[in-house]
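The primary structure of each chain is shown beneath.
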Amino acid sequence: MDLFLEALVNGASLGMAYALAAIGLTIIWGVMEIINFAHGDYLMLAMYISFFSFSLLGIHPLFSIPITFGVLAVLGALTYLTIIKGVLKSNVLLSQIVVTFGISIFLQNGTLFVFSPNFRAIANIPWLTGSISIGGIFLPKTLFIVALVSLITCLALFYFIHRTTTGKTILAMAMDREMVQLVGVNADRVELIAFSLGIATLGIAGSCLMMVTYVSPRVGFLYGLIAFTAVALGGFGSIPGTIIAGVIIGVTEIFTALYIGPEYKYVAIFVVYLLILIWRPKKGLLGW
Amino acid sequence: MRQRNLLAGIIGIVFASAFSLSSISVAAEKVIKVGFVLPLTGGLAETGRYMRAGAEFAVDIINNKYPDLNLPLAKTEGIPSLNNAKIEIILADSQGDPNVARAEVERLIENAGVVAILGGWTSAEIKTGSAAAERLKTPYVSGGGSSTDLTRRGFKYFFRLCPHLGTNAESFFDFIGDLNKMYNVGLKTVAVLYENTEYGSVTFEETKRVVGERGYKVVAQIPFPKDTTSLLSEVMKLKASNPEIFVHAGYVSDSILLTKAMENQNFLPKVWSGLTGYDNPTFIPSVGKTANGACLRGFFSPRLRKDVVQKVNQLYAKKYGTEINMESAMPFNAPFVLADAINRAKSLDKEAITKALEATNIPGDQTIMPWDSIRFTPYTTPPGHTHDNVSSRVLMFQIQDGKQEIIWPFPLATAKPIFPLKPYDKR
């Protein structure tokens, strides 16, 4: 029973980490319908910034969150203004896919060239080594903190999207862009904010993941894939959906590894994804 | 008429000598193209970087005069028996993918016209690459690649220098046996965590074979997907099985994840042994003190007490800013073996080179590896081993205070083994 509970707690926490990596994509893909293949690679950039903040300036990854958030927000804005905006106006889906795929290749190989392919991790994260024990169940301290930050971020984002005017405008744009423009809103500006915000959340995710794993030019690939799965599974545009989907993915991963075999964990994730889509093909879990 | 014939004759002679002169000068300038397949991009790009340094450094030594180095052809320039023709390495990116490796080997042989192939890191890519080379009747000298299957295919053109996973497993349990005697303990239970492609799977099979032969017991066998995002659940499983001996067959990325997960869950068996990845220069800085006590099987150390090793290491460190490591050392050997064979063959004919490779007999003091010689087993039909290096051997290291010490074989050791390991919560 202990092992079962430990697996559940660890799986849910891991799932919250995945949700944090996916939440920005909920806005960008779910609301704005932009397929950003470079999502995982922006995450990788954030991880590098957090890593170097620690190794060169001694800044704890938790405290580098404002730095990574800010830098990624700027990067997101630049990406939108120079590339995404033009591609959206062309209204050709293939262009979007190809362009963001190109950004992904550029970022991966650019970091490969600048930072070398070396794997880098932070040894002995200050204050967060070891695990906490809740009634005999071990949960790594780092994963606990990441799950907490993820929850706070998701709640904050939910509040922003559903309770603030700007957030509601973003939702409105997803429903009917032309109508939003007709009532006098600068749609381009709102899109810029939404895209930048989506990329900026990867800053938070990057600093958090740097406490848990290593960074290398290719580390974004699998997290990006999991993010796409979480958003599609949870339902496009639904933040609670993404959280639930992330947790489902994390728990499926841990339980499959423990009770069936670790070599099947990613197979199981995609089987669960397919089953849920067969059940609710248009909306995922909580999509609208 | 006579004058015309005479003139034609003179012109003919002039052309003929011009041609033969130019072909002599072409021969003198001739460059020997050798293909080198390695992962320059993808998940193993970091390893590829070191491999490239090792191979290019070796070719530099062969092509130029290094009178102080006791390595084959170091004291001369190029290949003496072929008018000092120089070796030119043509790199090809396998991306760590076996299908790409195969395609690149074919391209190197058919389009680039190389006389031989070197390289490959993962056994999976060496398997496919060497199968292509075999089909195209081209010698392939592999400095790495530890899957036992590689030399059990009855291939005529494939030669492997390093120990394979069977030798590896036997050496490891020789070490455990010696440890049991030295400390008077009866270590018996074994758990194996392995990445689920060729290298990991074969490590497990060979470990299981030796465990069965020598009376140990496997209490957990855990395959995991390469490039996994976490090893949390795998370590939970390991902890539940409570092994005394833990063997991990993976690469540097999962070695980092594993070490963190082991510390988080306070899992530390009496003997912890990794294979590839633990000696990567980024491993210890990424995990710090947590790695202390980890054993690893290695093929090489820059601290080996051999004259040629110290000299090569100094030159390498000067050129590349870091000591030579296993990922550079293993590809370093193959160019010498190939160049030595070409020199003895006195020809670029692939059959002649292959025959010369079979007759290779390089003494142990002319290699940086801890081997007594480089000699290949003869050709034999499967499932026997063809063209393995008879004298290859594995060393056991242990990370002590952030440094790798050679702990076995005991006569070659630079430090005593730390045993048993202190649990994380008691450090």
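Our structure is the block above this text.
First things first, this report covers the structure right here in the doc.

Topic: the overall build of chain A
The helix and strand inventory of chain A stands at 11 helices and 2 strands. The N-to-C order of helical and strand elements in chain A reads α-α-α-α-β-β-α-α-α-α-α-α-α. The principal-axis extents of the C-alpha atoms in chain A amount to approximately 60 × 50 × 35 Å. Classification of the 288 residues of chain A by burial places 53% in the buried group. At a minimum sequence separation of 6, the contacts of chain A that also span at least 24 residues come to 79%.

Some remarks on the overall build of chain B
Assigned secondary structure in chain B consists of 12 helices and 14 strands. Scaling as 2.2 N^0.38, a compact globule of 427 residues should have a C-alpha radius of gyration of about 22 Å, and chain B matches this with 24 Å. Its C-alpha atoms give chain B principal-axis dimensions of roughly 105 × 40 × 35 Å. Counting the 427 residues in chain B, one finds 54% classified as buried.

Things to note about the nonpolar core
Within soluble globular proteins, side chains that are nonpolar tend to cluster in buried spots. In terms of nonpolar packing, the biggest core is built from 216 residues, with A:Ala17, A:Ala19, A:Ala21, A:Met47, A:Val146, A:Ala230 and B:Leu338 touching the most fellow members. Looking at this core, the element that brings in the most residues is helix H1 (residues 2-31) of chain A, giving 15 residues. When we break this core down by domain, the ones giving at least three residues each are domain 1 (30-161 + 306-318 + 327-374) and domain 2 (166-298 + 395-426) of chain B. Not counting residues within four places of it along the chain, the set of residues in contact with A:Ala230 comprises A:Tyr18, A:Ala19, A:Ala22, A:Thr242, A:Ala245, A:Gly246 and A:Ile249.

Focus: unusual backbone geometry
Each neighbour pair has its own omega, and for B:Pro382 with B:Pro383 the value is 5 degrees, a cis peptide bond. Along the chain, B:Pro383 turns up in the loop between strand S12 (373-374) and strand S13 (395-400). Put simply, B:Trp408 and B:Pro409 share a cis peptide bond, and its omega is 5 degrees. Within the secondary structure layout, B:Pro409 lies in the segment after strand S14 (403-408). With phi around 70 degrees, A:Ser116 is a residue other than glycine that occupies positive phi space. Mapped onto the fold, A:Ser116 is located in the loop between helix H4 (93-115) and strand S1 (131-134). Classification of A:Ser116 as partly exposed rests on a count of 15 C-beta atoms within 10 Å. In the Ramachandran plot, B:His387 falls in the positive-phi region, its phi being about 60 degrees despite a non-glycine side chain. On the basis of neighbour count, B:His387 is assigned to the buried category, with 26 C-beta atoms found within 10 Å.

Some thoughts on the interface of chain A and chain B
Taken together, the contact between chain A and chain B spans 33 residues of the former and 33 residues of the latter. Put simply, the parts of the chain that give the side of chain A that touches chain B at least two residues each are H1, strand S2 (137-140), helix H9 (220-234), helix H10 (239-260) and helix H11 (265-279) of chain A. In terms of residue count, H1(A) provides more of the side of chain A that touches chain B than any other element does, 5 residues in total. Looking at the side of chain A that touches chain B residue by residue, the classes come out as 18 nonpolar, 10 polar and 5 charged.

Description of helix H8 (residues 252-264) of chain B
The end-to-end C-alpha distance of H8(B), which contains 13 residues, comes to 18 Å, matching closely the 18 Å that a straight helix rising 1.5 Å per residue would cover. Of all the 13 residues making up H8(B), 13 are buried; the element is thus mostly covered by neighbouring parts of the structure.

Parameters at a glance
Residues numbered from 1 in each chain as written. Chains lettered and ligands numbered in written order. Predicted model: local features only at pLDDT ≥ 70, side-chain atom pairs only at ≥ 80, totals over all residues. Helix = DSSP H or I, 4+ residues; strand = E, 2+ residues; numbered from the N terminus. Buried ≥ 20, exposed ≤ 12 C-beta atoms within 10 Å, placed from the backbone. Contact = placed C-beta atoms within 7 Å. Rg over C-alpha atoms; globule rule 2.2 N^0.38 Å. Core = buried A, V, L, I, M, F, W, Y, C linked by C-beta atoms within 7 Å. Domains from an automatic or database assignment. Nonpolar A, V, L, I, M, F, W, Y, C, P; charged D, E, K, R; others polar. Expected span 1.5 Å × (residues − 1).

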